[in-house]
Amino acid sequence: MDHAHNEYLEAAVEGGIIRLGFTAALAATVLLAGWRAIRIHAGTALLPMAAGLTFAAFAVIIHSSVDFGMHMGAVACLAAILLGQLDYLASGESSVDKARRTLPDSLPGWAVIPLLAPVVVVFMSLQTQGAAY
């Protein structure tokens, strides 16, 4: 009700041709990063990951032309994570040092954060149980 079912149309309505240009440039930049990641990792073990992330980015870009999914928190968060991984693969750093691809003997302290995520999700869902929408 509040948004057009097309991100590009909504960008044009909200910000005119300038915002539509920025949105289209963002989509093109993401696809170029995917193409660069595929070219960098051609023939390596990271090629399937680069291709999968590029396909995921392409799917989000196409889906944005028929729905307003990027206004949903879960879709935006997942897209940000996937695009961050795609950007890392496109940077070329992932193929510089093969020794960095192996897991260390002991995990650093920040590795506990993903284990705490389910606890945070349950806590947040319990907090919204009594909220009236």
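The rules behind these values
Residues numbered from 1 in each chain as written. Predicted model: local features only at pLDDT ≥ 70, side-chain atom pairs only at ≥ 80, totals over all residues. Heavy atoms only, no water. Helix = DSSP H or I, 4+ residues; strand = E, 2+ residues; numbered from the N terminus. Buried < 20%, exposed > 50% of the residue type's maximum accessible area, 1.4 Å probe, protein only. Contact = heavy atoms within 4.5 Å. Polar contact = N/O pair within 3.5 Å; in protein donor to acceptor, adjacent residues only side chain to side chain. Axes fitted to C-alpha atoms, helices over the stretch in contact; angles between N-to-C directions. Parallel < 35°, antiparallel > 145°, perpendicular 65-115°, else oblique. Left-handed = near helix turned anticlockwise from the far one by under 90°. Nonpolar A, V, L, I, M, F, W, Y, C, P; charged D, E, K, R; others polar. pLDDT = per-residue confidence, 0-100. Patch = residues over 30% accessible without salt bridge, like charges linked within 9 Å, V, L, I, M, F, W, Y side chains within 5 Å. Areas by Shrake-Rupley, 256 points an atom, 1.4 Å probe, with all protein chains shown as cover. Salt bridge = Lys/Arg side-chain N within 4 Å of Asp/Glu carboxyl O. Expected span 1.5 Å × (residues − 1). Arc of directions from axis to C-beta.

Attention now moves to the overall build of the protein chain. Assigned secondary structure in the protein chain consists of four helices and zero strands. If you list the helices and strands of the protein chain from N to C, you get α-α-α-α. Each of the 133 residues in the protein chain was classed as buried or not, and the buried ones make up 20%. Long-range contacts, defined here as pairs at least 24 residues apart, represent 69% of the contacts in the protein chain between residues at least 6 apart.

Here we come to the side chain of T54. Within the secondary structure, T54 sits in helix α2 (residues 47-63). At 2.7 Å, the side chain of T54 forms a polar contact with the backbone oxygen of A50.

Packing of helix α1 (residues 7-40) against α2 brings their axes to within 9 Å, and their N-to-C directions diverge by 165 degrees. On the basis of their axis angle, the class for α1 and α2 is roughly antiparallel. Like other packed secondary-structure pairs, α1 and α2 cross with a definite hand, here left-handed. Taken together, the residues of α2 that come into contact with α1 (itself represented by Y8, A27, V30, L31, G34, A37 and I38) are L47, A50, A51, T54, A57, F58 and I61. Along the lines of polarity and charge, the residues of the contact of α1 with α2 split into 12 nonpolar, two polar and no charged.

Turning our attention to the confidence of the model for the protein chain. Any residue range with low pLDDT should be treated as having predicted coordinates unsuitable for detailed reading. When pLDDT is averaged along the protein chain, the result is 78, and 77% of the positions lie at 70 or above. Within the protein chain, the lowest mean pLDDT, 72, falls on helix α4 (residues 113-127), and the highest, 90, falls on α2.

Following both chains from N to C, one finds α1 and helix α3 (residues 73-91) inclined at 50 degrees, their axes separated by 8 Å at the closest point. One element, α1, and the other, α3, form an angle in the oblique class. Crossing of α1 against α3: the hand is left-handed. Across the interface between the two elements, V30, A33, G34, R36, A37 and I40 of α1 pack against L83, L86, L89, A90 and S91 of α3.

Taken together, I17, I18 and F22 make up a surface patch of nonpolar side chains, about 400 Å² in accessible area. Tracing the backbone shows I17 in helix α1. Residue I17 is classed as exposed on the basis of its relative accessible area, which comes to 70%.

Let us now look at α3. Given a rise of 1.5 Å per residue, 19 residues ought to cover 27 Å, and the 27 Å separating the end C-alpha atoms of α3 matches this to within 8%. Of the positions making up α3, those classed as buried are A79, L86, L89 and A90. Along α3, the residues classed as buried sweep out an arc of 95 degrees about the axis, all on the same side. The outward face of α3, more than 90 degrees from its buried face, is lined by the exposed residues G73, A74, A80 and D87. On its buried side, α3 packs onto α1 and α2. After α3 finishes, the residue G92 shows a positive phi value of roughly 90 degrees.

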